[in-house]
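Structural overview
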Amino acid sequence: MGLRRENVKMVGKLAVITLGMFGFGYALVPIYNAICEMTGINVLALAEREVPGQRAALPANTQVDRTRSITVEFDVNTRGPWHFKPAVRSLQVHPGELTTVVYEFQNIQDRTMAAQAIPSYAPKQSAAHFNKLECFCFTQYTLKAGEKKEWPVAFVIDPRLPKDVTTITLSYTFFEVGGKVPAAPQDVAVHTLPVAQPADPV
């Protein structure tokens, strides 16, 4: 009889704990809203409440240098029978401004292929100031025969870019890879050195 009473008491305690947890979880939303109102953390929610249906304009990025414009040109160099090109050939951007461009790719071979792109920059000193936040060149891709893809490149040009640099060319070399090893370029001849023959014994 004592064991049954202990079991009933334990079930009662567990039920109280469960109800308490449910109540606490249910109360989290109004508690969060109250904290946000007091601290001003949830700025977008406050703006929606003050002007229904309108979202307050985000503060301007003070890191953008609007006194300068940089021409960014997009170029490609493909090694293999596929289509690879930027959606636009050039853009005017301000240093510090987040910009996104899209590259289009299609595997026109009749087989699945793995490929990767490697970026290069001109002039060379611009490479240290060209910051990519998102880029398809960060990884390898496998595409089926005839498959099409569109890949974004999101970048910011550092405002510390030298003043005499007004044009940057971003070029991608896109090549097929076998596993993790790049395939040998088709236009590079392989030269071998003659191997010395051992002398005949005297």
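Residues numbered from 1 in each chain as written. Predicted model: local features only at pLDDT ≥ 70, side-chain atom pairs only at ≥ 80, totals over all residues. Heavy atoms only, no water.

1. Description of the overall build of the chain
If you tally the helices and strands in the chain, you get two helices and 10 strands. For the chain, the succession of helices and strands along the chain, N to C, is α-α-β-β-β-β-β-β-β-β-β-β. For the chain, with 202 residues in total, the buried portion stands at 27%. Within the chain, counting contacts between residues at least 6 apart in sequence, those at least 24 apart form 69% of the total. (Helix = DSSP H or I, 4+ residues; strand = E, 2+ residues; numbered from the N terminus. Buried < 20%, exposed > 50% of the residue type's maximum accessible area, 1.4 Å probe, protein only. Contact = heavy atoms within 4.5 Å.)

2. Description of the packing of aromatic side chains
Summed over the entire model, instances satisfying the criterion amount to 16 aromatic pairs. Taking 5.9 Å as the distance between ring centres and 85 degrees as the angle between the ring planes, the aromatic pair formed by phenylalanine 84 and phenylalanine 136 counts as edge-to-face. Here phenylalanine 84 is found in strand 2 (residues 82-86), whereas its partner phenylalanine 136 is found in the loop between strand 6 (130-134) and strand 7 (141-143), with 52 residues between them in sequence. We note that phenylalanine 84, like phenylalanine 136, is buried. Ring centres 5.4 Å apart and planes at 15 degrees place the aromatic pair phenylalanine 105 and tryptophan 151 in the stacked group. (Phe/Tyr/Trp six-rings, centres within 6.5 Å; stacked < 30°, edge-to-face > 60°.)

3. As for the nonpolar core
One recurring pattern in soluble globular proteins: nonpolar side chains tend to sit buried together. Among the nonpolar cores identified, the biggest contains 29 residues, and Phe84, Tyr103, Ile157 and Tyr172 are the most heavily contacted of them. When residues of this core are traced back to their parent elements, those giving at least two are strand 1 (70-79), strand 2, strand 4 (99-107), strand 5 (113-122), strand 8 (148-157) and strand 9 (167-178). (Core = buried A, V, L, I, M, F, W, Y, C linked by side-chain atoms within 4.5 Å.)

4. Notes on the pairing of strand 2
Side chains Trp82, Phe84 and Pro86 project from strand 2 onto a buried face, and the interleaved His83 and Lys85 project onto a face without burial. In terms of strand pairing, strand 2 meets strand 4 through five bridges, oriented antiparallel. Looking across to strand 4, one finds that proline 86 is bridged to tyrosine 103. (Pairing = 2+ DSSP bridges.)

5. Digging into the pattern of salt bridges
Per the stated rule, a full pass over the model turns up five salt bridges. Taking the shortest distance from any N to any O, the salt bridge between glutamate 176 and arginine 111 comes out at 2.8 Å. Within this pair, whereas glutamate 176 is found in strand 9, its partner arginine 111 is found in the loop between strand 4 and strand 5, the two being separated by 65 residues in sequence. Look at glutamate 176 and you get buried, because its relative accessible area is 18%. For arginine 160, the salt bridge identified is with aspartate 158, shortest N-O distance 2.9 Å. Residue arginine 160 is classed as exposed on the basis of its relative accessible area, which comes to 66%. Here aspartate 158 falls in the buried class, since its relative accessible area comes to 13%. (Salt bridge = Lys/Arg side-chain N within 4 Å of Asp/Glu carboxyl O.)

6. Section: the sheet that holds strand 8
Two pairing modes exist for strands in a sheet, parallel and antiparallel, and in both the strands are linked by backbone hydrogen bonds. Across the sheet, which stays open at both edges, the four strands sit in the order 2-4-8-6 with antiparallel pairing between neighbours. Strand pairing shows two members of the sheet lacking a second neighbour, strand 2 and strand 6, which therefore form its edges. Each adjacent strand pair in this sheet contributes to an overall mean axis angle of 30 degrees, direction not counted. Here strand 4 runs beside strand 8; their pairing, made up of eight bridges, is antiparallel. (Axes fitted to C-alpha atoms, helices over the stretch in contact; angles between N-to-C directions.)

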